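# Structure assessment
Residue strings, one per chain:
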Amino acid sequence: MSTVTTNEANPSTADLVNQAAGQISTLVRDELALARAELTEKGKRAGLGGGLFGGAGVLALYGVGLLLALAVVLLDLAWPLWLAILVVMAVVFAAAGVAALLGRKQLAKATPPVPRSAMDSVETDIQTMKTAAQRGRQR
């Protein structure tokens, strides 16, 4: 009858596999927690930025309305009122078209939100495990 003994200096393969499995499990949990924390922080910042941006947009909309009214009044001094309104309206629609095209182009370039730090950390962990496995095979 033989008994398997493990000592700290020379653990058995089963012990090493169990230890590696436990460490990988912990590593995966930690990486997921990092990704979750990173996305939560980005979400909070995006929410605050979006709210402030929306408020600025509303104020700018009122300002643009007043500017357009001023343009109509100034053009009305030289042209009939209907022509002044028509010209200002055409300029506004042209600007809206240009803005829509530029916005569409920017949206096409946008990438989905990705937890970049967590992904980089996972890639580093994978490379470290590959290196350790190669060293283990060489022994």
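Residues numbered from 1 in each chain as written. Predicted model: local features only at pLDDT ≥ 70, side-chain atom pairs only at ≥ 80, totals over all residues. Heavy atoms only, no water.

## Details of the overall build of the chain
What the chain contains, in helices and strands, is 3 helices and 0 strands. Along the chain, from the amino end to the carboxyl end, the secondary structure elements read α-α-α. Over its C-alpha atoms the chain spans a radius of gyration of 32 Å, topping by over 25% the 14 Å that the globule rule assigns to 139 residues. Principal-axis analysis of the C-alpha atoms gives the chain an extent of 110 × 25 × 20 Å. Expressed as a percentage of the 139 residues in the chain, the buried residues total 6%. Once local pairs closer than 6 in sequence are excluded, the contacts in the chain between residues at least 24 apart make up 61%. A total of about 11,600 Å² of accessible surface is found on the chain, and carbon and sulfur atoms cover 68% of it. Here the chain carries 13 positive and 10 negative side-chain charges, and the mean point of each set is 7 Å from the other. (Helix = DSSP H or I, 4+ residues; strand = E, 2+ residues; numbered from the N terminus. Rg over C-alpha atoms; globule rule 2.2 N^0.38 Å. Buried < 20%, exposed > 50% of the residue type's maximum accessible area, 1.4 Å probe, protein only. Contact = heavy atoms within 4.5 Å. Areas by Shrake-Rupley, 256 points an atom, 1.4 Å probe, with all protein chains shown as cover. Lys, Arg positive; Asp, Glu negative; His and termini not counted. Charge placed at Lys NZ, Arg CZ, Asp CG, Glu CD.)

## A closer look at the pattern of salt bridges
Enumeration over the complete set of coordinates arrives at 2 salt bridges. Notably, a salt bridge pairs Lys-42 with Glu-38, separated by 3.6 Å at the nearest N-O pair. You can see Lys-42 and its partner Glu-38 sitting in helix α1 (residues 13-76), 4 residues apart, about one turn around the helix. Here Lys-42 falls in the partly exposed class, since its relative accessible area comes to 39%. Measuring nitrogen to oxygen at the nearest pair gives 2.9 Å for the salt bridge that ties Arg-45 to Glu-41. Residue Arg-45 and its partner Glu-41 are both found in helix α1; the two are separated by 4 residues, about one turn of the helix. For Glu-41, a relative accessible area of 38% gives the class partly exposed. (Salt bridge = Lys/Arg side-chain N within 4 Å of Asp/Glu carboxyl O.)

## Section: the confidence of the model for the chain
Detailed reading of predicted coordinates is not advised where the pLDDT is low. Looking at the chain, pLDDT values average 86 and 91% of them are 70 or higher. Within the chain, the element-level pLDDT minimum falls on helix α3 (residues 116-138), averaging 81, and the maximum on helix α2 (residues 81-109), averaging 93. (pLDDT = per-residue confidence, 0-100.)

## A look at the environment of Tyr-62
If you trace the backbone, Tyr-62 turns up in helix α1. Overall, Tyr-62 belongs to the exposed group, its relative accessible area being 61%. Linking Tyr-62 and Ala-78, residues 16 residues apart in sequence, is a C-alpha distance of 25 Å.

## A closer look at the environment of Leu-77
For Leu-77, the location among the structural elements is in the loop between α1 and α2. Sequence separation between Leu-77 and Ile-24 is 53 residues; the distance between their C-alpha atoms is 77 Å.

## A few points about the side chain of Asp-125
Inspection of the secondary structure puts Asp-125 in helix α3. This buried residue, Asp-125, is left without a salt bridge; Lys-130 holds the nearest opposite charge, at 13 Å. Once residues within four sequence positions are removed from consideration, Asp-125 is found in contact with Leu-27 and Glu-31.

## Regarding the packing of α1 against α3
One can describe the packing of α1 onto α3 by two numbers: an axis separation of 8 Å at closest approach and a directional angle of 160°. Between α1 and α3, the interaxial angle falls into the category roughly antiparallel. For the pair α1 and α3, the sense of crossing is right-handed. Contact with α1, carried on its side by Ile-24, Leu-27, Glu-31, Leu-34, Ala-35, Glu-38 and Lys-42, involves Arg-116, Ser-117, Ala-118, Ser-121, Val-122, Asp-125 and Met-129 of α3 and no other residues of that element. (Axes fitted to C-alpha atoms, helices over the stretch in contact; angles between N-to-C directions. Parallel < 35°, antiparallel > 145°, perpendicular 65-115°, else oblique. Left-handed = near helix turned anticlockwise from the far one by under 90°.)

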